[in-house]
Amino acid sequence: MQDYFAPTIKEEEINYLQFVTYAFIAGWLILLFIKYLNKYLRQTKDSQEYVKLKGHSNIIAQINDAYILCTDPLGMLGLFQRLVEEYGKKNMDPVGFYLAGEQSYFVCHPEGVSQALSDKTVARIPWAISRMRESLGYNIITAPSRDRKKIRGRVHSHLNSRHYFASISRTMYEVANEVVLPNWKKHCKAASKLNIFDGMLAYASTVAFAAFLGVPIGDLKDIDIHHKLNNMFGCVRERTFAAVALPLFFPTKANRYFKQTRSSVVNFITPYLAKNVSADTMAGSIIRAHTTVTNLSKQNLQDLQSFITKKLTEFNIVKCKINFSEILHLISTTPAKVTAITNKIMQQLNSNIRAKKFQDANKVRSKLAAAIGGELCKFGKRDNKKTMEEVVSMIIAGSETTIVLMTWCWYYLAQFPDFQERIYQEAKELKDFNPENAKNTLSKLPFLKNVINETLRLRGPASTNGRKVTSDFELNLPGNRKALIPKGSNLFFSAFITQQSEQLWSEPTRFNPDRYNKPSEKIKVGNNYYPFGYGQYRCIGERYAIYEAALGILIPIMNGYQVTLSDPDLANKMPLVASLTLRPGKEIKLQVTRPREIINLTTNKQQNMKMAVKREGKGKQRIKLGM
């Protein structure tokens with residue numbers, strides 16, 4: 001019986017299939033031959049010109065590495081510590097190993113670290129970026145290279161502009177007085193134990209929400225948004241370094257929890273975004289950067305012209321003609337971002353602003369640009385997804401590392417009451433204290449700055465880092481030697497390990513802020529000290545983090561508070577948990593007392609207020625710092 005469902009294959013088709021099969025096998029064999037020939041030639045070149053790096057490649061060692069990564073709380077940091085102990089402790093040479101089947105190297109010597117971090121042929125590791133992109137979406141780390149430069153420019157303009165940073169510094173000062181001090185006062189009166197991580201979480205996340213998004217401090221006092229933000233970042237940490245991370249559309253328990261916490265953060269932020277469209281804040285800059293104007297009607301153009309004229313009058317800028325035909329040409333040629341249109345308008349206004357000789361011309365420019373950009377947003381379409389993802393990422397980045405840094409600072413200070421006393425005595429010497437002038441304040445508090453630097457050396461939040469080599473890379477080693485790192489390899493670094501090397505520091509594991517007073521142990525960024533990274537990917541929020549930590553420590557001590565560890569057994573024995581940040585493995589609880597008097601200081605602004613009141617004949621006004 002004939003089987004009508006059986007396929008019939010002609011002889012010509014059989015010959016064609018055989019040809020394709022043989023061609024595939026032949027091509028595969030040729031590629032395999034080229035690969036091993038290239039490997040042989042590279043090994044021959046290595047033996048002649050390059051140092052052969054130590055390490056291991058046997059299957060037993062690889063299984064052991066995988067076991068460490070999955071079971072050790074330190075994860076990759078624990079693996080790196082073992083590799084250095086076994087192979088690279090003596091001369092700090094790179095150590096080779098395999099990670100998920102990829103050739104990898106751990107670089108410990110600071111010369112090699114700074115070279116690799118500043119070389120443009122060394123890129124970020126793709127799998128880590130893709131994991132973070134899936135969790136956090138569009139941000140300064142996960143965005144494409146071109147967009148990342150634009151985001152970095154936005155962040156840089158806010159965190160390094162004098163008037164922006166002065167505003168952020170004022171917010172830090174207000175939050176320290178309105179959020180931190182009441183919490184310390186409560187625990188001091190009740191003689192209860194203060195969970196310092198929770199306290200610093202409330203402080204740093206409140207600063208981030210208030211400074212970047214303009215959320216009133218009062219709206220952040222009695223809600224659990226801080227813990228939601230912390231839980232969300234905890235999920236990101238776990239997903240980034242998990243052996244297997246299922247896509248978020250799988251309804252696993254971990255994925256559902258992450259979505260819930262993310263939704264809570266997004267729902268909290270959403271109402272405040274509408275208030276930032278024309279605000280001179282970082283969130284406002286992000287909104288305007290993701291709004292596109294495709295067309296302007298005649299009525300829209302007239303409304304825009306009248307709005308700009310009104311704003312120029314408010315800023316006392318008159319007789320200024322704007323070439324709107326140029327603006328219309330920009331919009332009609334391609335869909336233009338609000339930021340690009342605003343920049344074109346501001347270029348035409350700059351000469352008038354310079355002619356007016358404003359005391360702070362940059363502040364006038366930024367406020368005027370924000371107002372005009374906000375008006376343009378009415379005629380454009382916003383990418384809400386990218387806007388929200390970037391805002392959430394900025395708030396997390398502006399709080400997480402600082403929380404960990406301040407927690408470790410208080411952990412060490414609680415073990416040394418004399419160090420707290422020295423900070424108190426430094427604070428007593430402050431005159432004309434201006435919290436908005438970070439540089440001037442820190443220059444008058446050298447010991448406090450040394451405490452922060454020493455904490456960053458021993459327990460810097462960013463403990464590990466990694467890069468992908470995109471082409472054969474010559475790595476410089478001590479003694480004019482070189483090592484060849486093959487294309488496609490992973491390079492890993494650890495500030496935690498390098499900054500505690502016996503070859504770079506005396507008594508490297510001892511907490512000693514006074515070490516920086518010695519010429520032999522001065523901080524040399526990119527040589528023996530890089531808690532904020534180095535080169536093109538160096539952390540842009542370095543100044544922000546240090547000053548926020550300084551005020552978070554200074555304000556409680558100035559108000560007479562002193563802390564000790566409630567469990568003295570945890571002194572220098574605190575277990576660590578390392579992933580994206582280096583966190584304590586146990587809760588750090590402190591006993592709060594108030595043995596000192598409050599230091600009463602007058603800020604520069606308060607001094608001006610006093611003089612103004614005195615001129616009006618209302619007498620002197622004494623203003624107290626803190627509570």
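Scroll up to find the structure this text is about.
Within every chain, residues take consecutive numbers counted from 1 along the sequence as written. The model is predicted, so local features are restricted to residues of pLDDT at least 70 and side-chain atom pairs to those at 80 or more, both for listing and for counting; the totals for chains, interfaces and linings are taken over all residues. Water and hydrogen atoms play no part in the side-chain values, which are based on all heavy atoms of the structure.

## A few points about the overall build of the protein
Scanning the protein from N- to C-terminus turns up 23 helices and 16 strands. Within the protein, buried positions represent 50% of all 627 residues. Values of accessible area rely on a 1.4 Å probe in the Shrake-Rupley scheme; residue burial ignores everything except the protein chains shown. Total accessible area on the protein stands at roughly 31500 Å², and carbon and sulfur atoms take up 54% of it. A run of DSSP states H or I qualifies as a helix once it reaches four residues; a run of E qualifies as a strand once it reaches two. Both are numbered from the N-terminal end. Partly exposed describes any residue whose relative accessible area lies between the buried limit of under 20% and the exposed limit of over 50%, with all areas from a 1.4 Å probe on protein chains only and scaled to the type maximum.

## Describing unusual backbone geometry
Look at Ala191: it is not a glycine, yet its phi comes out positive at around 55 degrees. Residue Ala191 is classed as exposed on the basis of its relative accessible area of 54%. A positive phi angle, close to 45 degrees, is found at Glu507, a residue other than glycine. Mapped onto the fold, Glu507 is located in the loop between helix H21 (495-498) and helix H22 (542-558). By relative accessible area, which is 49% here, Glu507 ends up partly exposed.

## Brief notes about a nonpolar patch on the surface
Each patch is assembled from residues with relative accessible area greater than 30% and no salt bridge, linking like charges that lie within 9 Å and nonpolar side chains (Val, Leu, Ile, Met, Phe, Trp, Tyr) that lie within 5 Å. Just to be clear on terms, a salt bridge is a Lys or Arg side-chain nitrogen sitting within 4 Å of an Asp or Glu carboxyl oxygen. On the surface, Tyr22, Phe24, Ile25, Trp28 and Leu29 cluster together into a nonpolar patch covering about 610 Å² of accessible area. As for its placement among the helices and strands, Ile25 is situated in helix H1 (residues 11-49). Residue classification places Ile25 among the partly exposed positions, given a relative accessible area of 41%.

## Observations concerning the side chain of Arg124
Mapped onto the elements, Arg124 comes out in strand E4 (residues 122-124). Of the side chains with opposite charge, Asp147 lies nearest to the buried Arg124, which makes no salt bridge, at 10 Å. Neither His nor the chain ends is counted toward charge; the positive residues are Lys and Arg and the negative residues Asp and Glu.

## Remarks on the sheet that holds strand E3 (residues 102-106)
Here, a strand pair is defined by DSSP locating no fewer than two bridges between the strands. Ordered in space as E1-E2-E3-E12-E9-E4, the six strands form an open sheet in which the pairing is mixed. Either end of the sheet is taken by a strand with one partner, and the two such strands are strand E1 (54-55) and E4. Here E3 pairs with strand E12 (residues 490-493) via three bridges, running parallel. Considered in E12, the bridge of Phe106 is made with Phe492. Helix H4 (residues 110-118) contacts E4, strand E9 (465-469) and E12 of the sheet and is inclined by roughly 125 degrees relative to E12. Note on contacts: a residue pair is in contact if any heavy atoms of the two residues lie within 4.5 Å. Inter-axis angles, ranging from 0 to 180 degrees, are taken between N-to-C directions of lines fitted to C-alpha atoms, where helices are fitted over the stretch in contact.

## Observations concerning the nonpolar core
Here, nonpolar core refers to any group of buried Ala, Val, Leu, Ile, Met, Phe, Trp, Tyr and Cys residues whose side-chain atoms link them within 4.5 Å. In this structure, Tyr203, Phe209, Leu213, Ile269, Leu349 and Trp410 are the most contacted members of the largest nonpolar core, which totals 159 residues. For Leu213, the contacting residues outside a window of four places in its chain are Ala208, Ile269, Tyr272, Leu273, Asn276, Ala283, Val391 and Ile395. Counting residues in hydrophobic clusters, the runner-up holds 14 residues, among them Val113, Val122, Ile485 and Tyr530.

## Quick look at the packing of aromatic side chains
In this scheme Phe, Tyr and Trp rings, the latter by its six-membered ring, pair at centre separations within 6.5 Å, and the angle between planes marks the pair as stacked below 30 degrees, edge-to-face above 60, and tilted otherwise. Evaluated as defined, the whole model comprises 20 aromatic pairs. Taken together, a centroid distance of 6.2 Å and an interplanar angle of 80 degrees make the contact between Trp505 and Tyr516 edge-to-face. Within this pair, whereas Trp505 is found in the loop between H21 and H22, its partner Tyr516 is found in the loop between H21 and H22, the two being separated by 11 residues in sequence. For the pair Trp505 and Tyr516, one class covers both residues: buried. Of the aromatic side chains, those joined through ring pairs into one cluster are Trp408, Tyr411, Tyr412, Phe416, Phe419, Phe447 and Phe511. Its guanidinium or amino end placed over the ring of Phe447, Arg422 lies 3.8 Å from that ring's centre, counting from NZ or CZ. Criterion for a charge above a ring: Arg CZ or Lys NZ at most 6 Å from the ring centre, at most 35 degrees from the ring normal.

## Quick notes on the pairing of strand E2 (residues 95-99)
Burial analysis of E2 places four of its five residues in the buried class, which makes it a mostly covered element. Bridging between E1 and E2 involves two bridges; their strand directions are parallel. Considered in E2, the bridge of Lys54 is made with Val95. As defined by bridge partners, E2 adjoins E3 across five bridges and the pair is classed as antiparallel. Note that in E3 the partner of Gly96 across the bridge is Tyr105. Connecting the antiparallel pair E2 and E3 is a turn made up of two residues, with Ala100 showing a positive phi of about 50 degrees.

## Examining the sheet that holds strand E7 (residues 336-337)
With antiparallel pairing, the three strands of this open sheet are ordered in space as E7-E6-E8. What marks the edges here is a single partner per strand, and that holds for E7 and strand E8 (381-382). Pairing of strand E6 (residues 291-293) with E8 involves two bridges; the strand directions are antiparallel. Within E8, the residue paired with Thr291 across the bridge is Arg382.

## Description of the pattern of salt bridges
Tallying each qualifying case throughout the model produces 20 salt bridges. The residue Glu421 makes a salt bridge to Arg596 at a minimum N-O spacing of 2.7 Å. Highlighted residues: Glu421 in helix H18 (residues 417-428) and Arg596 in the loop between strand E16 (589-593) and helix H23 (604-615), separated in sequence by 175 residues. Among the residues examined, Arg596 registers a relative accessible area of 11% and is labelled buried. One salt bridge in this structure joins Glu454 and Arg515, with 3.0 Å as the shortest N-O distance. With Glu454 in helix H20 (residues 446-459) and Arg515 in the loop between H21 and H22, this residue pair connects regions lying 61 residues apart in the sequence.

## Considering H22
Take the residue count of a helix, subtract one, and multiply by 1.5 Å to get its expected span. For H22, spanning 17 residues, the distance from its first C-alpha to its last is 24 Å, which sits close to the expected 24 Å at 1.5 Å a residue. Of all 17 residues in H22, 15 are buried, a share of seventy percent or more.

## Things to note about the packing of helix H8 (residues 196-213) against helix H9 (residues 225-241)
Between H8 and H9, the least distance of the axes is 9 Å, while the angle of their chain directions is 95 degrees. With respect to their mutual orientation, H8 and H9 come out roughly perpendicular. Contacts between H8 and H9 pair Phe197, Asp198, Leu201, Ala202, Ser205, Thr206 and Phe209 from the former with Ile225, His226, His227, Leu229 and Asn230 from the latter. Convention used here: angles under 35 degrees read as roughly parallel, angles over 145 as roughly antiparallel, angles from 65 to 115 as roughly perpendicular, and any remaining angle as oblique.

## A word on the side chain of Asn230
Mapped onto the secondary structure, Asn230 falls in helix H9. Owing to a relative accessible area of 15%, Asn230 belongs among the buried residues under this scheme. When residues no more than four places from it in sequence are discounted, the contact partners of Asn230 are Phe197, Leu201, Glu400 and Arg583.

## A closer look at the environment of Pro584
Looking at the element boundaries, Pro584 is found in strand E15 (residues 582-584). According to the relative accessible area criterion, Pro584 is buried, its value standing at 16%. In sequence terms Pro584 and Phe197 are 387 residues apart; their C-alpha atoms lie 9.2 Å from each other. Setting aside chain neighbours within four positions, we find Pro584 in contact with Thr407, Trp408, Met574, Pro575 and Val577.

## Brief notes about a positive patch on the surface
Working definition for charges: the position is that of NZ of Lys, CZ of Arg, CG of Asp or CD of Glu. A contiguous patch of positive charge on the surface is contributed by Arg146, Lys150, Lys337 and Lys386. Along the chain, Arg146 turns up in helix H6 (residues 145-159).

## With respect to the packing of H6 against helix H11 (residues 282-289)
In the contact formed by H6 and H11, the axes pass within 10 Å of each other and the chain directions differ by 155 degrees. In terms of orientation, H6 lies roughly antiparallel with respect to H11. Handedness of the crossing formed by H6 with H11: right-handed. On H11, the residues touching Arg154, Val155, His158 and Leu159 of H6 are Met282, Ser285, Ile286 and Ala289. Residue classes follow a fixed rule: Ala, Val, Leu, Ile, Met, Phe, Trp, Tyr, Cys and Pro count as nonpolar, while Asp, Glu, Lys and Arg count as charged, and any other residue, Gly among them, counts as polar. Among the residues forming the contact of H6 with H11, the class breakdown is five nonpolar, two polar and one charged. Crossings are sorted by hand: turned counterclockwise from the far helix by less than a right angle, the near helix makes the crossing left-handed, and turned clockwise it makes it right-handed.

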